[in-house]
Amino acid sequence: MSVPEARFWEVFFEVYEALPRQGPGNRACAARALSLCRGLPPSPAVVDLGCGTGGQTLHLAGLTDGRIVGLDRHLPSVARLRAAVAGRGLSARVLALAGDLARPALPPERFDLVWSEGALYNIGIGNALRLCRGLMKPGGCLAFTDAVWRRDDPPPGVKAAFEQDYPSMGRAEGVAAAVEEEGFELLGRFTLPDEAWWDEFYGPMERRIAGLRGRYAGDAEALSALDRLAEEPAMHRLHSDCYAYEFFIARRPA
Ligand SMILES: C[S@@+](CC[C@H](N)C(=O)[O-])C[C@H]1O[C@@H](n2cnc3c(N)ncnc32)[C@H](O)[C@@H]1O
């Protein structure tokens, strides 16, 4: 059944906003990426671009002694992060800010560490890299994840699923080259392991969808929207050999 767009997005956000995070990643990957950064001060100034409800923002608050700004354009996600920050007594160190990462109202060259998981592609990786560079202190570090193809011949359904959201998605080698072309020193990169897709993202998503199916029993539009949302983790179960999330860690030369 076809679901009106507005209704689909209503259900989409009902699922996504309740998740610990809105994309693949976990604390272990954040810790590994952080360990690849070089020359960070003991209390780094950090900005997390496209933070969502702040899964990784909160990991970073635990993994560093820094001050962290989480920025996202989706106001309900920012509100959730704000509540989590207050609930954990982190308000002195973590600020959740609403804003567009393409035009962040943030001071230039202020951050020791620019972080972004699964969000930079929204404004084009080249554009995002230039923007991140402008926010970073000379010698500062950048850590971000990006979806990449692992195979040149994914099944048409898998290709179509990514093309909707990320038509210019490329290979990890291409992103690494773009990082270096923008004048960064690439410090390392690694592929997120499968548990980073499931533990904090697809696992909670499938449980949330199952819960909402009960609440919406009899609401054909909502159930159809939930069916559509369930396709993504189901596709990953079958075709994770075709695509990956890659963490890139780079440094702006001093
Ligand atoms: C795939 S989610 C990742 C969220 C979070 N980093 C995580 O890994 O859980 C992408 C996030 O980027 C945000 N986003 C997309 N375009 C944005 C923009 N132009 N400015 C600010 N946030 C943006 C979305 O609202 C969403 O929260």
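Residues numbered from 1 in each chain as written. Predicted model: local features only at pLDDT ≥ 70, side-chain atom pairs only at ≥ 80, totals over all residues.

J.: Is there a simple way to think about the overall build of the protein chain in this case?
T.: On a plain count of helices and strands, the protein chain comes out with 9 helices and 7 strands. For 254 residues, the compact-globule formula gives about 18 Å, and the C-alpha radius of gyration of the protein chain, at 18 Å, lands near that figure. Taking the principal axes of its C-alpha atoms as reference, the protein chain extends roughly 60 × 45 × 30 Å. Out of the 254 residues in the protein chain, the part that is buried amounts to 38%. (Helix = DSSP H or I, 4+ residues; strand = E, 2+ residues; numbered from the N terminus. Rg over C-alpha atoms; globule rule 2.2 N^0.38 Å. Buried ≥ 20, exposed ≤ 12 C-beta atoms within 10 Å, placed from the backbone.)

J.: Which parts of the structure should I look at to understand the sheet that holds strand S7 (residues 243-251)?
T.: Backbone hydrogen bonds hold the strands of a sheet together, and the pairing may be parallel or antiparallel. Spatially, 7 strands are ordered S3-S2-S1-S4-S5-S7-S6 in an open sheet, and the strand pairing comes out mixed. A strand with exactly one partner marks an edge of an open sheet, and here the two such strands are strand S3 (94-98) and strand S6 (185-191). Each adjacent strand pair in this sheet contributes to an overall mean axis angle of 15 degrees, direction not counted. Where strand S2 (residues 67-72) and S3 come together, 5 bridges link them in parallel fashion. Looking across to S3, one finds that Gly 70 is bridged to Ala 96. Contacting strand S5 (136-149), S6 and S7, helix H2 (residues 27-36) runs over the sheet at an angle of about 30 degrees to S7. (Pairing = 2+ DSSP bridges. Axes fitted to C-alpha atoms, helices over the stretch in contact; angles between N-to-C directions. Contact = placed C-beta atoms within 7 Å.)

J.: I would appreciate a short explanation of the pairing of S2 in the present structure.
T.: Strand residues, when the strand is regular, have side chains that alternate between the two faces of the sheet. In terms of burial, S2 is largely enclosed, as 5 of its 6 residues are buried. Taken together, the 5 bridges between strand S1 (residues 45-49) and S2 define a ladder with parallel strand orientation. Counterpart to Val 46 in the pairing with S2 is Ile 68. Handedness of the S1-helix H3 (residues 55-63)-S2 crossover: right-handed. (Right-handed = clockwise from strand over helix to strand, strands pointing away.)

J.: Would you explain helix H8 (residues 195-215) in this entry?
T.: Since the α-helix advances by 3.6 residues per turn, residues separated by three or four positions end up pointing in the same direction. With 21 residues, H8 should reach 30 Å at 1.5 Å per residue; the first-to-last C-alpha distance of 28 Å fits that figure. Taken as a whole, H8 carries its principal kink of about 40 degrees at Tyr 202; the proline Pro 204 stands between one and four residues after it. All buried positions along H8 are accounted for by Ala 196, Trp 197, Glu 200, Phe 201, Met 205 and Leu 212. Elements that come into contact with the buried residues of H8 comprise helix H1 (5-16), H2, H3 and helix H9 (220-239). (Expected span 1.5 Å × (residues − 1). Bend = angle between axes of the 7 residues up to and from the residue.)

J.: Teacher, can you tell me more about the nonpolar core here?
T.: Nonpolar side chains in soluble globular proteins tend to end up buried together. Within the largest apolar cluster, 65 residues are counted, with the highest numbers of intra-cluster contacts made by Val 47, Val 114, Leu 142 and Ala 143. Ignoring anything within four residues of it in the chain, the contact list for Ala 143 reads Ala 33, Cys 37, Leu 113, Trp 115, Phe 247 and Ile 249. (Core = buried A, V, L, I, M, F, W, Y, C linked by C-beta atoms within 7 Å.)

J.: How should the environment of Gly 124 be read in this particular structure?
T.: Tracing the backbone through its elements, the reader meets Gly 124 in the loop between strand S4 (111-117) and helix H5 (125-135). Given 13 C-beta atoms within 10 Å, Gly 124 falls into the partly exposed group. Spatially, the C-alpha atom of Gly 124 lies 9.8 Å from that of Met 169, the residues being 45 residues apart in sequence.

J.: Sorry if this is basic, but what is going on with the environment of Pro 41 here?
T.: Counting through the fold element by element, Pro 41 comes out in the loop between H2 and S1. Using a count of 14 C-beta atoms within 10 Å as the deciding quantity, one classes Pro 41 as partly exposed.

J.: What is the right way to read the pairing of S4 from this model?
T.: The buried count for S4 comes to 7 of 7 residues, which makes it a mostly enclosed element. Two elements, S1 and S4, share 3 bridges in a ladder whose sense is parallel. Note that in S4 the partner of Asp 48 across the bridge is Trp 115. Across 6 bridges, S4 lies against S5 in parallel orientation.

J.: Whenever I open this one, unusual backbone geometry confuses me. Can you help?
T.: Leaving glycine aside, a negative phi is the common case for residues, and trans is the common case for peptide bonds. Positive phi is not limited to glycine here, since Glu 109 has a value of about 50 degrees. With respect to the helices, strands and loops of the structure, Glu 109 is situated in the loop between S3 and S4. Its 12 C-beta neighbours within 10 Å are what place Glu 109 among the exposed residues.

By themselves, these are just geometric observations and shouldn't be taken as functional.
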